[in-house]
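Summary of the model geometry
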Amino acid sequence: MTLTIKKMVKQNNEKRNLLTPENKTYYENMLLYIRTNAFKDEKATEEVLLEMLDHLLEAQKEGKKAEEVFGKAPQQLAQDIIESLPNESVKKIMGFSLEIILTLFGWYLVAWGAPDLILKEGSTIYLGTASVSIVLIIGSLVGLIYFIFAVLKKNAFTSKKKKNKVTWGLGILFGLVWAGVILLNIFVKPFGPAIDIHYYTAFGLGCFLILASYLFKKTREAK
């Protein structure tokens, strides 16, 4: 029986806990490095990672360390594995990108519409300003996601302390991008045709986009 992506990820998460601390660190560094290549077939990637984990667990029972199984150059091995993996289809890449954009844009609308919902006061949208904001949001998000993947991959084989610093740094950068988008909407003079919307419209649309993204994710993981 062929496992779905979701089941493979779940199995991987559970089986990694059976590794010794040293073997777990070694394997998880390779896992992070390999998974941060978004343009490789996701299912094939998870299959290879699970096979590697099973192989390591068997070797561990014989008293072997990960370095003895996979060698002293895990980054080079991980790179060789990446190059052997098939590329993800353009359709799937676009679907995954849409999933991320819907999620983040949905939460943006929820945060923007929450005050109106609480106060039960409608607001006005200026189509010109909204169009520019949407383009900037999508553009900055795509660039930010690509940058995050690149940074995570670059630091996959660094110490845990440095990884934590990188995670905090990326979190701050993510917050600054959102703050920039919000400030843009506050300080830039509105332009374009004006449309009055009900107090629940932005919040409701945000919830709808988040739900749509969730359904996209479930459909992707079920394959």
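You'll find the structure just up there.
Residues numbered from 1 in each chain as written. Predicted model: local features only at pLDDT ≥ 70, side-chain atom pairs only at ≥ 80, totals over all residues. Heavy atoms only, no water.

**A closer look at the overall build of the protein**
The condition that has to hold: Secondary structure counts use DSSP, requiring at least four H or I residues in a row for a helix and at least two E residues in a row for a strand, with both numbered from the N terminus. Throughout, the radius of gyration refers to the C-alpha atoms, and the reference size of a globule is 2.2 Å times the residue count to the power 0.38. For every residue, the accessible area (1.4 Å probe, protein chains only) is compared with the maximum for its type, and the residue is labelled buried under 20%, exposed over 50%, or partly exposed between those bounds.
Helix and strand counts for the protein come out as nine helices and two strands. Secondary structure elements in the protein, listed N-terminal to C-terminal, are α-α-α-α-α-α-β-α-α-β-α. For 223 residues, the compact-globule formula gives about 17 Å, and the C-alpha radius of gyration of the protein, at 22 Å, lies well above that figure. Principal-axis analysis of the C-alpha atoms gives the protein an extent of 70 × 40 × 30 Å. Burial statistics for the protein: of 223 residues in total, 33% are counted as buried.

**With respect to the packing of aromatic side chains**
Our working definition: Between the rings of Phe, Tyr and Trp (Trp by its six-membered ring), a pair exists once the centres lie within 6.5 Å; its type follows the angle of the planes, with under 30 degrees stacked, over 60 edge-to-face, and the other angles tilted.
Taken as a whole and judged by the stated rule, the model has two aromatic pairs. When the ring of Phe 105 is compared with that of Tyr 108, the centres are 5.9 Å apart and the planes differ by 20°; the resulting orientation is stacked. Separated by three residues within a single helix, Phe 105 and Tyr 108 lie in helix α6 (residues 90-119), roughly one turn from each other.

**Regarding helix α3 (residues 42-61)**
Short version of the rule: The length a helix should cover is 1.5 Å for every residue beyond the first. Note on contacts: a residue pair is in contact if any heavy atoms of the two residues lie within 4.5 Å. The definition of a polar contact used here is a pair of N or O atoms within 3.5 Å, where within protein one atom must be able to donate a hydrogen and the other to accept one, and adjacent residues in sequence count solely through side-chain atom pairs.
For α3, spanning 20 residues, the distance from its first C-alpha to its last is 29 Å, which sits close to the expected 28 Å at 1.5 Å a residue. Residues of α3 that are buried include every one of Ala 44, Thr 45, Glu 46, Leu 49, Leu 50, Met 52, Leu 53, Leu 56, Leu 57, Ala 59 and Gln 60, and no others. Residues of α3 that are buried in the fold lie against α1 (5-16), α2 (21-35), α4 (66-70) and α5 (74-84). One side-chain oxygen at the N-terminal end of α3 lies 3.2 Å from the backbone nitrogen of Lys 43; it belongs to Asp 41.

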